[in-house]
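# Working through the structure, step by step
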Amino acid sequence: MSSEMLPAFTETCNVERKQNLNENQEQSQKPGSGEGCEPISKRQMKKLIKQKQWEEQRELRKQKRKEKRKRKKLERQCQLESNSDGNDRKRIRRDVVQSTLRLIVDCSFDDLMVLKDIKKLHKQIQRCYAENRRALHPVQFYLTSHGGQLKKNMDENDKGWVNWKDIHIKPEHYSELIKKEDLVYLTSDSPNVLKELDESKAYVIGGLVDHNHHKGVTYKQASDYGIEHAQLPLGNFVKMNSRKVLAVNHVFEIILEYLETRDWQEAFFTILPQRKGAVPTDKARESSTSDKKTASVEDGLDSDSSEEEYSRNELDSAHEEEKQDKENSTESAVNSVSH
């Protein structure tokens, strides 16, 4: 072979060797080509197919959720329109009369709640804000001791709160903002029952979601600060299956409803959720009286049946005695005849 052909031949051999090496590497990387790979079972194959289908249908599920939200929103709008009795919303807003009553949500219990309960409190505050904006007699809404976990959660999940209108959001404690003589703490543990709302006062609602883990904490705070306290007159108008402790937004909405209707019973039954099993106290009394009457009637029936049984036994006894007398007189007559 000539010296000119030798470099070309060497280069060709190197290229072929590289190609063979690459093919071997590709074959070794293919699944199932090696001796150590196990065959996939039917169960595993089904799982893989299901996973693939789940991934493929992700967008479809997302679209369905979106459609469901739109449908619910439309249903709510239709319901609001049907309940408005033909009143135009703009016309209703023109009839709004601002109340001078101050309603405070005290957020100083941040350290007593876990994150899950903080999120629930955030939602309740959102509901209070929305209801106050819609109310015919909106109150002066205060959010005090705003900070900690609650503020962090609002910053992360509801950045629009900084643009809320008609609300005073303060990091200070309510005692630093409002005179002590104007404050009334609303707590179900108070022995005082509220009869009327004084619109010159500032009513405090404890911003606490604790599932009854911290009983009496709001009452204790009111006592420690030496401020007036009271509970809503729930027991005078309502009998409930569950405990009398209400969510922050329920107390807030009941007060808004009372300012509109000036009727505690109507306010309670408009706002309280059905799961509380609330019934008017007069109906509860009627039910109790009815139960007692039913029990007494049943007792009366039992006593009547006992008396009837006793009379029947008496009659049977009289018949027996009469029969015995007849038999004795007959026997005497027979004896006298025989003698």
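For the structure itself, look to the data block above.
Rules used in this analysis
- Residues numbered from 1 in each chain as written.
- Predicted model: local features only at pLDDT ≥ 70, side-chain atom pairs only at ≥ 80, totals over all residues.
- Heavy atoms only, no water.
- Pairing = 2+ DSSP bridges.
- Helix = DSSP H or I, 4+ residues; strand = E, 2+ residues; numbered from the N terminus.
- Axes fitted to C-alpha atoms, helices over the stretch in contact; angles between N-to-C directions.
- Contact = heavy atoms within 4.5 Å.
- Core = buried A, V, L, I, M, F, W, Y, C linked by side-chain atoms within 4.5 Å.
- Buried < 20%, exposed > 50% of the residue type's maximum accessible area, 1.4 Å probe, protein only.
- Salt bridge = Lys/Arg side-chain N within 4 Å of Asp/Glu carboxyl O.
- Right-handed = clockwise from strand over helix to strand, strands pointing away.

With that out of the way, let us pick up the sheet that holds strand β4 (residues 183–186). Strands sit in the order β3-β2-β1-β5-β4-β6 across an open sheet of six strands; the sheet is parallel. The open sheet has two free edges, formed respectively by β3 (167–169) and β6 (228–230), since each of these has just one partner strand. Adjacent strand axes in the sheet meet at a mean angle of 25 degrees, parallel and antiparallel pairs treated alike. Contacts between helix α10 (residues 248–261) and the sheet are confined to β1 (102–106), β2 (140–144), β4 and β5 (202–206), with β5 contributing the most and set at about 155 degrees to the helix.

Position of Gln140 relative to the elements: it lies in strand β2. Considering only alpha carbons, one finds Gln140 and Asp166, 26 residues apart in sequence, at a separation of 7.4 Å. Beyond its immediate sequence surroundings of up to four residues, Gln140 is in contact with Gln98, Ser99, Thr100, Leu101, Arg102, Leu103 and His168.

Judged by nonpolar contacts, the single largest core of 57 residues is most densely connected at Leu197 and Ile254. When contributions to this core are tallied by element, the ones reaching two or more residues are β1, α5 (115–134), β2, α6 (148–157), β4, β5, α10 and α11 (264–271). By residue number, the principal contributor to this core is α10, which donates eight residues. Residues contacting Ile254, with those up to four places away along its chain left out, are Leu232, Leu246, Trp264, Ala267, Phe268, Ile271 and Leu272.

This part covers the pattern of salt bridges. In a structure, side chains of opposite charge can pair up when their charged atoms sit close to one another. Evaluated as defined, the whole model comprises nine salt bridges. For Arg102, the salt bridge identified is with Asp182, shortest N-O distance 3.5 Å. A residue pair is termed long-range when its members are at least 10 positions apart, and Arg102 in strand β1 and Asp182 in the loop between α7 (174–177) and β4 qualify at 80 residues. Judged on exposure class, the residue Arg102 and its partner Asp182 are both buried. One salt bridge in this structure joins Glu199 and Arg262, with 2.6 Å as the shortest N-O distance. Of the two residues, Glu199 is situated in the loop between β4 and β5 and Arg262 in the loop between α10 and α11; the sequence distance between them amounts to 63 residues. A relative accessible area of 42% places Arg262 in the partly exposed class.

Bringing the side chain of Asp182 into the picture now. With relative accessibility at 17%, the residue Asp182 sits in the buried group. With residues up to four places along the chain from it excluded, the contact list for Asp182 reads Arg102, Ser200, Lys201 and Ala202.

This brings us to unusual backbone geometry. For Ser145, which is not glycine, the phi dihedral falls at a positive 55 degrees. Considering the arrangement of structural elements, one finds Ser145 in the loop between β2 and α6. Phi is positive for Arg262, close to 60 degrees, though the residue is something other than glycine.

What follows deals with the pairing of β2. Within β2, four of the five residues are buried, leaving the element largely enclosed by the surrounding structure. Bridge count for β1 against β2 is five bridges, and the pairing is parallel. Paired with Asp106 across the strands is Thr144, a residue of β2. With α5 bridging β1 and the parallel β2, this β-α-β connection has right-handed handedness. Sheet topology places β2 next to β3; three bridges connect them, and they run parallel. For Phe141, the partnering residue across the bridge sits in β3 and is Ile167. Considered for its hand, the β-α-β crossover made up of β2, α6 and β3 is right-handed.

In short, geometric facts, not functional conclusions.
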